[in-house]
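Examination of the molecular architecture
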Amino acid sequence: SPVPNTNIYYTLDGSEPTGNSLRYSKPITVNSTSTIKARGINPEKDDHYVASMSVNQIGVYEPIKVEDVSPGLTCNYYEGEWESLPNFDTMAVAKSFVADTVSIPEFARDEDYGLTFKGIIKVQTDGVYAFSINSDDGSRLFVADSLVVDNDGLHGDWEITGLIGLKAGYHPISAYMFQCKGGEALGMSIAGPSLSKQIVPVS
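Right, let's walk through the structure included here.

Procedures and definitions
Within each chain, residues carry numbers counting from 1 in the order of the written sequence. Side-chain atom pairs in this predicted model are given and counted only at pLDDT of 80 or more, local residue features only at pLDDT of at least 70, and totals for whole chains, interfaces and linings cover all residues. Water and hydrogen atoms were dropped before computing side-chain values, which therefore reflect all heavy atoms in the structure. A run of H or I in DSSP counts as a helix once it spans at least four residues, and a run of E counts as a strand once it spans at least two, with each numbered from the N terminus. Exposed residues in this analysis have more than 50% of their type's maximum accessible area, buried residues have under 20%, and partly exposed residues fall in between, with area computed by a 1.4 Å probe over protein chains only. Residue contacts are defined here by distance: any two heavy atoms, one from each residue, within 4.5 Å place the two residues in contact. Pairs of strands are assigned from DSSP output, requiring at least two bridges between the strands. By nonpolar core we mean a set of buried residues, namely Ala, Val, Leu, Ile, Met, Phe, Trp, Tyr and Cys, connected to one another through side-chain atoms within 4.5 Å.

Moving on, we come to the environment of Ala-168. Relative to the helices and strands, Ala-168 is located in the loop between β12 (158-166) and β13 (169-179). With relative accessibility at 32%, the residue Ala-168 sits in the partly exposed group. Remark: the alpha-carbon pair of Ala-168 and Thr-125, spanning 43 residues in sequence, is separated by 4.7 Å. Aside from chain neighbours lying at most four places away, what touches Ala-168 is Pro-63, Val-123, Gln-124, Thr-125 and Asp-126.

Shown next, in the form of C-alpha cells:
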C-alpha cells in the first residue's frame with residue numbers, strides 16, 4: 001500500500017480479510033486452487049477495499065499410447081448458418097480431407113460454413129503448455145479431451161489462450177470453428193517449456 005502505516009492482511013480461503021487474518025510480510029506460495037483476498041488496514045483510515053484474485057491448480061494429463069502416426073489432422077467441412085458453434089456430430093459433412101494445420105482451406109466459401117479438426121499432438125517435455133486459437137467467428141480448442149480455449153460466438157478475428165499441464169508424449173487434440181458473415185480467420189499456436197510461441201508445425 002502507498003499509504004504509510006498500512007498493513008496488508010490476506011486470506012486464501014475466499015473469506016474477507018480482517019486485522020486477525022494473515023499479515024503479508026513477504027511473497028507467498030499457493031499450492032492449490034484458491035481465492036486470495038487482501039486488504040490494507042490502517043488505524044487512521046476506514047478503507048474497506050478488498051483486492052481479490054482466483055488461482056487454479058493445473059492438472060497434468062498423461063499421454064496416450066499411439067502405435068502409428070502420420071502428419072495431418074482429420075478435417076470435416078460443413079455448410080450452414082449459425083451464430084454459435086453447433087453440434088457438428090448431427091450434421092451432414094460436405095467434405096472430408098486431411099489438413100496440415102488448423103486453418104481455413106482454400107475451397108471454403110466466404111460465409112456460412114464450419115470446420116472440425118481432430119488428431120494428436122506430441123510434446124517433448126513435461127510441463128504447462130499455452131495453446132492459443134484465433135478465429136472469426138467462433139471456435140473452441142480441446143487438448144487431452146479437456147476444453148482449453150472457448151472462443152465461441154460472433155466476433156471479429158480474436159485470439160484467446162488457455163493453459164494445460166501435459167506429460168511428454170502424444171495427446172488428443174481437436175478444434176471447432178464456424179464462419180458466419182464478414183471477415184474470416186483461423187489459426188492455432190503453442191508455447192511451453194523451452195518452446196516459444198509458434199504455429200503448431202505440420203509434423
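After that view of the structure, there is still more to cover.
Moving on to the sheet that holds strand β9 (residues 127-136). Through backbone hydrogen bonds, the strands of a sheet pair up, either in parallel or in antiparallel fashion. Reading across from one edge, β5-β12-β9-β14-β15 is the order of the five strands in this open sheet, with mixed pairing throughout. Each edge of the open sheet carries a strand with a single partner, namely β5 (60-61) and β15 (195-199). Across seven bridges, the pairing between β9 and strand β14 (residues 185-192) is antiparallel. Bridge pairing in β14 links Ile-133 to Met-188.

Below, the discussion takes up the pairing of strand β10 (residues 139-143). Of the two faces of β10, only one is covered, namely that formed by Ser-139, Leu-141 and Val-143; the face formed by Arg-140 and Phe-142 stays uncovered. Direction of pairing for β10 relative to strand β11 (residues 146-151): antiparallel, over a ladder of five bridges. Paired with Val-143 across the bridge in β11 is Ser-146. Joining the antiparallel neighbours β10 and β11 is a turn of two residues, in which Ala-144 adopts a positive phi near 55°. The pairing of β10 with β13 spans five bridges and is antiparallel. If you follow Phe-142 over to β13, its bridge partner there is Ser-174.

Moving on: the sheet that holds strand β1 (residues 7-11). One open sheet accounts for four strands, arranged β2-β1-β3-β4; its pairing is antiparallel. Where the open sheet ends on each side, the last strands, each with one partner, are β2 (22-23) and β4 (51-55). Relative to β4, strand β3 (residues 34-41) is paired through five bridges, and the arrangement is antiparallel. Each residue of the ladder has a partner; that of Thr-35, found in β4, is Ser-54.

Counting residues in each nonpolar core, the largest one holds 29 residues, and the members touching the most others are Leu-115, Phe-117, Phe-131, Leu-141, Val-143, Leu-166 and Ile-173. If you tally residues by element for this core, the top one is strand β8 (residues 113-123), at five residues. Within the second largest apolar cluster, seven residues are counted, among which are Tyr-78, Trp-82, Leu-85 and Phe-88.

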